[in-house]
Amino acid sequence: MKHENIQGLKHATRQKLKTFDSMRGRAVPSGLFWDAVVVSAADESQREAYELQIRAKVSRHELPLVQYLVLSDPPGAKIGNGGSTLHCLRHLSELLGKTFSSMKVLLIHAGGSSQRLPSASALGKLFMAVPLGEPLYQMLELKLAMYVDFPAQMKPGVLVTCADDIELYHVPEGTSVAFDKPGFTALAHPSPLTIGTTHGVFVLDSSENSSDLEMENKSCLRFLHKPSVETMKEAGAVCKQQSPSSLLSEAEFVYTDSTYYMDSATARRLVYLLTQIEPLDCEIDAYGDFLQALGPNATVDYTCNTANVVKKEKTLVEVRQKIFHHLKGTPLNVILLNNSKFYHIGTTTEYLFHLTEDEALRSELGLLSSAFSLQNSQDDCCVMHSILHPSCSVGPGTVVEYCRLGAGVSVGKGSILSSCWVNSDLIIPDGVFMHNLCVNQKDKPGFVTVVFGIQDNVKLSVGSSEAMEALSLCGVTLKNCRTFWGLDQEAVRFSSDMSCCSLWNACLFPVCSDKQSSFLTSLKMLQAVKTGSEFSIPKNMKLMSMQESLVCKNLEEMLTFRNEMYDDIKRRCNI
């Protein structure tokens, strides 16, 4: 049965991709696709980046011809994807008026700085390349393809999802996933208990008969957000397998969340909710803070639990309590997708694993080792939208995207190379992340190549007094790095609040006049760190952090580099 489930999942996934491919570049009849696709952005700069890329996709016939909207969060405090949901719904309500209540909308949350996968920081996780499709897919196309069957079986309302995950599922022939009930309806995936501790978990009504169907509709008593295993068991969330047909090997499992739907009446209730809690000055979660208020067994207790909150604003508990009382009594329906997979691609290690080593995902989606690229074929790596000289070598477990690599370039194993132009005969070590950004300067654009170790904790934050000793790049303290690079203590600064120093805001990376010299300079710095040798950075050379590079990014120049490669690849391949 497990083999049959895998084959069914693979077939269903390929069919969705085929259906979506037939829609690309075409106007789709009403009811068969989304009336509007809405993408949230953290700020105006990110909104501009997303709009530029979506317009280019539409002009190249890579997307179905529907309405695409990019909406940025209001300036000021971070409001989380929950706050983004409320503001997007209000914007749609004001923009569309009464029409909003009759529309089928996909809302994709794509805000955030992507610190755990910095190659997606400048242009967004939603625009990460995926090695399949012609033209080449990015996460946006993949999300649209995996949900391609939803609109036809959905009443007017909004489907909420995130930009960095993939849901694959198979349901029996003649059935479909239907979003047609009032309130909220969430997709649920069988997962090991360990996965449940980092996701949302549904507590189902045990009085309802269970079955071995690939898809079941259930009512949910309560939603748990990142619960402990003990909490799952106490709440009755843990299920036992009835047959060996599941894709899971564990005897015990829980149903975890991914995406959810709200009908148009509920969407309007959330628009009204925003008027009751604004001005919003704290981060709220579109899953934990909305769904935990739902179901007959929901209690207000969770509103005081801030264990999973990064920044605990003093208004958070009060806002959560208002959300709870506003949504209490709203139905939470769950669609159990018993033959499904959920993949998260939000960190460098997840990104490398899923694109180079994960045979299951490669088989299910038909991922390629080389997609829309000019290179020699190697099965154990992933090369996307890149031009490599035939004499180049790329190590196993490495991803190369949007790059030009000259003759004799050797890239080590388990590394990420993104948006780089690499001169001939250079050697890139194992386990490193190298990403080039274009930045605006007073007189002309500059280029910064950011370098981290794949295992570096870029988000780790310490005080200024301990930064040089506590923070490390590729396993070497910043104090020692500074010595290898011939920098005095004053030369290394941090581009934000000195009480929160991290690799993210450490100004370590030189600004150069072109992409090639930028890459070479950062590579020499990296080699000095790796070998304990010296490479003196010129004293008059400006150093920037990843954080500062994003603030000063030159979107047009970065996209021009990709577009020129796009034209070059098409010309050489006669596409």
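Everything below is about the structure printed above this text.
Observations regarding the overall build of the chain
Across its full length, the chain carries 16 helices and 30 strands. In terms of overall dimensions, the chain is globule-like: its C-alpha atoms have a radius of gyration of 24 Å, near the 25 Å expected for 575 residues. For the chain, the C-alpha atoms occupy an extent of roughly 70 × 55 × 50 Å along the three principal directions. When contacts within the chain are restricted to residue pairs at least 6 apart in sequence, those whose partners lie at least 24 apart make up 68%. Here the chain has roughly 23,200 Å² of accessible surface; of this, 51% comes from carbon and sulfur atoms.

Section: the state of the cysteines
Under the criterion given, the structure shown has 0 disulfides. The thiol of Cys381 is not disulfide-bonded; the next cysteine sulfur, from Cys382, is found 7.4 Å away. Cys381 gets classed as buried once you look at its relative accessible area, which sits at 0%.

Focus on helix H9 (residues 316-327)
Think of an α-helix as 3.6 residues a turn; residues three or four steps apart then line up on the same face. With 12 residues, H9 extends 17 Å between its outermost C-alpha atoms, agreeing within 8% with the 16 Å of an ideal straight helix rising 1.5 Å per residue. What H9 keeps buried is the set Leu316, Val319, Arg320, Ile323, Phe324, His326 and Leu327. Where H9 is buried, its residues touch strand E8 (184-191), helix H7 (264-277) and helix H8 (288-291). Two residues or fewer past H9, Gly329 is found with a positive phi of approximately 95°.

Looking at the pattern of salt bridges
Counted according to the given criterion, the structure contains 21 salt bridges. Ionic pairing is found between Asp568 and Arg571, a salt bridge with its closest N-O pair at 2.5 Å. Placement of the pair is Asp568 and Arg571 together in helix H16 (residues 555-573), with a separation of 3 residues, close to one helical turn. Assessed through its relative accessible area of 56%, Arg571 is described here as exposed. Here the salt bridges do not stand alone but share partners, grouping Asp21, Arg24, Lys57, Arg60, Glu62 and Glu141 into one network.

Quick notes on the pairing of strand E29 (residues 509-512)
Sheet faces and side chains relate simply in a regular strand, where the side chains alternate between the two faces. Judged from the 2 bridges that link them, strand E26 (residues 446-453) and E29 form a sheet pairing that is antiparallel. Bridge assignment links Phe447 to a residue of E29, and that residue is Cys512. The pairing of E29 with strand E30 (residues 543-544) spans 2 bridges and is classified as antiparallel. Bridging from a neighbouring strand, Pro510 pairs with Leu543 of E30.

What about the sheet that holds strand E23 (residues 421-422)?
If you trace the 3 strands from one edge of the open sheet to the other, you get E17-E20-E23, paired in parallel fashion. Edge strands, defined here as strands with exactly one partner in the open sheet, are strand E17 (387-388) and E23. Relative to E23, strand E20 (residues 404-405) runs parallel, the two being bridged by 2 bridges. Residue pairing in the sheet places Arg404 in a bridge with Trp421 of E23.

Quick look at the packing of helix H3 (residues 80-96) against H7
Contact geometry of H3 with H7 gives a least axis separation of 9 Å together with a crossing angle of 115°. Classified by the interaxial angle, the pair formed by H3 and H7 is roughly perpendicular. The two elements H3 and H7 cross, and the hand of that crossing is left-handed. Together, Leu86, His87, Leu89, Arg90 and Ser93 of H3 and Ala267, Leu270, Val271, Leu273, Leu274, Thr275 and Ile277 of H7 make up the contact between the two elements. Each residue belonging to the contact of H3 with H7 can be placed in one class, and the counts come to 8 nonpolar, 3 polar and 1 charged.

Thoughts on the packing of aromatic side chains
Per the counting criterion, the structure on display carries 15 aromatic pairs. Ring geometry for Phe20 against Tyr137: centres 5.9 Å apart, planes inclined by 75°, an arrangement best described as edge-to-face. You can see Phe20 sitting in helix H1 (residues 2-23) and its partner Tyr137 sitting in strand E5 (residues 137-138), a full 117 residues away along the chain. Of the two residues examined, Phe20 and Tyr137, each falls in the buried class. Through pairs of rings, three or more aromatic residues link up here, namely Tyr147, Phe150, Tyr169, Phe179 and Tyr261.

Quick notes on the packing of H7 against H9
Where H7 meets H9, the axes come as close as 11 Å, and the angle between the chain directions of the two elements is 145°. The interaxial crossing formed by H7 with H9 has right-handed handedness. Where H7 approaches H9, its residues Arg269, Leu270, Tyr272, Leu273, Gln276 and Ile277 are matched on the opposing element by Val319, Lys322, Ile323, His326 and Leu327. Residue classes in the contact of H7 with H9 are distributed as 7 nonpolar, 2 polar and 2 charged.

Notes on helix H14 (residues 515-531)
Between the first and last C-alpha of H14 there are 24 Å, a value that for 17 residues agrees with the 24 Å anticipated at 1.5 Å per step. Sitting at the amino-terminal end of H14 is Asp514, which places a side-chain oxygen 3.1 Å from the backbone nitrogen of Gln516. The first or second residue beyond H14 is Gly532, which carries a positive phi of 75°.

Scoring rules and cut-offs
Residues numbered from 1 in each chain as written. Predicted model: local features only at pLDDT ≥ 70, side-chain atom pairs only at ≥ 80, totals over all residues. Heavy atoms only, no water. Helix = DSSP H or I, 4+ residues; strand = E, 2+ residues; numbered from the N terminus. Rg over C-alpha atoms; globule rule 2.2 N^0.38 Å. Contact = heavy atoms within 4.5 Å. Areas by Shrake-Rupley, 256 points an atom, 1.4 Å probe, with all protein chains shown as cover. Disulfide = S-S within 2.5 Å. Buried < 20%, exposed > 50% of the residue type's maximum accessible area, 1.4 Å probe, protein only. Expected span 1.5 Å × (residues − 1). Salt bridge = Lys/Arg side-chain N within 4 Å of Asp/Glu carboxyl O. Pairing = 2+ DSSP bridges. Axes fitted to C-alpha atoms, helices over the stretch in contact; angles between N-to-C directions. Parallel < 35°, antiparallel > 145°, perpendicular 65-115°, else oblique. Left-handed = near helix turned anticlockwise from the far one by under 90°. Nonpolar A, V, L, I, M, F, W, Y, C, P; charged D, E, K, R; others polar. Phe/Tyr/Trp six-rings, centres within 6.5 Å; stacked < 30°, edge-to-face > 60°. Polar contact = N/O pair within 3.5 Å; in protein donor to acceptor, adjacent residues only side chain to side chain.

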